[in-house]
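Chain by chain, the residues run as shown.
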Amino acid sequence: MQVAILMIHVAIAIALVALILLQQGKGADAGASFGGGASQTVFGSRGSGNFLSRATGVLAAAFFATSLTLAYFASQAGEAPEDIGIPDAELIEQQQNAVPTLDEEGQSMDNTAPVLEESGSN
């Protein structure tokens, strides 16, 4: 669920950037480079300003909603469950004290290296 919302969030962000870059600033003639004033008739008699402004507003609201949803998921993920398998500190200390070390007296193991027998056929 969280991954799906994240994918939608990214798609909305890309669409928002594209819509904002398509919009013509006040007093700017950036639309003239794409065919002049005749290209604005594609979106109706009032031009593309109204359509692009509304689409940007809708996408901005959707971006805000997905941001809040992702923030909610992130806050829920931060809560640690009660039993996640980490032992208590006392148990860890007991296990560390039970591990034998090489410095202890009375070792029952022989730590000498094995000796290889030489063959006399040289």
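Only a predicted model underlies this, so the values are computations on that prediction, with no experimental measurement involved.

1. Describing a nonpolar patch on the surface
Inference 1: Nonpolar side chains collect at one region of the surface, where Leu-6, Val-10 and Ile-14 lie side by side and expose about 270 Å² of accessible area between them.
Inference 2: With respect to the element layout, Leu-6 can be found in helix 1 (residues 2-22).
Inference 3: For Leu-6, a relative accessible area of 42% corresponds to the partly exposed category.

2. A look at the packing of aromatic side chains
Inference 1: Taken as a whole, this structure holds one aromatic pair when the rule is applied.
Inference 2: Relative to Phe-73, the ring of Tyr-72 has its centre 6.2 Å away and its plane inclined at 50 degrees; by these criteria the two rings are tilted.

3. Here we look at the confidence of the model for the protein chain
Inference 1: Chain-level statistics for the protein chain give a pLDDT mean of 75 and a share of 59% at 70 or above.
Inference 2: Within the protein chain, the element-level pLDDT minimum falls on helix 3 (residues 89-98), averaging 73, and the maximum on helix 1, averaging 94.

4. Quick notes on the side chain of Thr-56
Inference 1: Topologically, Thr-56 is positioned in helix 2 (residues 49-77).
Inference 2: In contact with Thr-56, other than residues within four places in its own chain, are Leu-16, Leu-19, Ile-20 and Gln-23.

5. Overview of the nonpolar core
Inference 1: In terms of nonpolar packing, the biggest core is built from five residues, these being Ile-12, Leu-16, Leu-19, Leu-52 and Leu-59.
Inference 2: The leading source of residues in this core is helix 1, at three residues.
Inference 3: Sequence-distant contacts of Leu-52, defined by excluding residues within four places in its chain, comprise Leu-19, Leu-22 and Gln-23.

6. So, helix 1
Inference 1: With 21 residues, helix 1 should cover 30 Å at 1.5 Å per step; its first-to-last C-alpha distance of 30 Å lies within 8% of that length.
Inference 2: For helix 1, every residue scored as buried is listed here: Ile-5, His-9, Ile-12, Leu-16 and Leu-19. Seen end-on, helix 1 carries its buried residues on one side only, within an arc spanning 95 degrees. In helix 1, the exposed positions angled more than 90 degrees off the buried face are occupied by Val-3, Met-7, Ile-14, Val-17, Leu-21 and Leu-22.

Reading the values: rules and limits
- Residues numbered from 1 in each chain as written.
- Predicted model: local features only at pLDDT ≥ 70, side-chain atom pairs only at ≥ 80, totals over all residues.
- Heavy atoms only, no water.
- Patch = residues over 30% accessible without salt bridge, like charges linked within 9 Å, V, L, I, M, F, W, Y side chains within 5 Å.
- Areas by Shrake-Rupley, 256 points an atom, 1.4 Å probe, with all protein chains shown as cover.
- Salt bridge = Lys/Arg side-chain N within 4 Å of Asp/Glu carboxyl O.
- Helix = DSSP H or I, 4+ residues; strand = E, 2+ residues; numbered from the N terminus.
- Buried < 20%, exposed > 50% of the residue type's maximum accessible area, 1.4 Å probe, protein only.
- Phe/Tyr/Trp six-rings, centres within 6.5 Å; stacked < 30°, edge-to-face > 60°.
- pLDDT = per-residue confidence, 0-100.
- Contact = heavy atoms within 4.5 Å.
- Core = buried A, V, L, I, M, F, W, Y, C linked by side-chain atoms within 4.5 Å.
- Expected span 1.5 Å × (residues − 1).
- Arc of directions from axis to C-beta.

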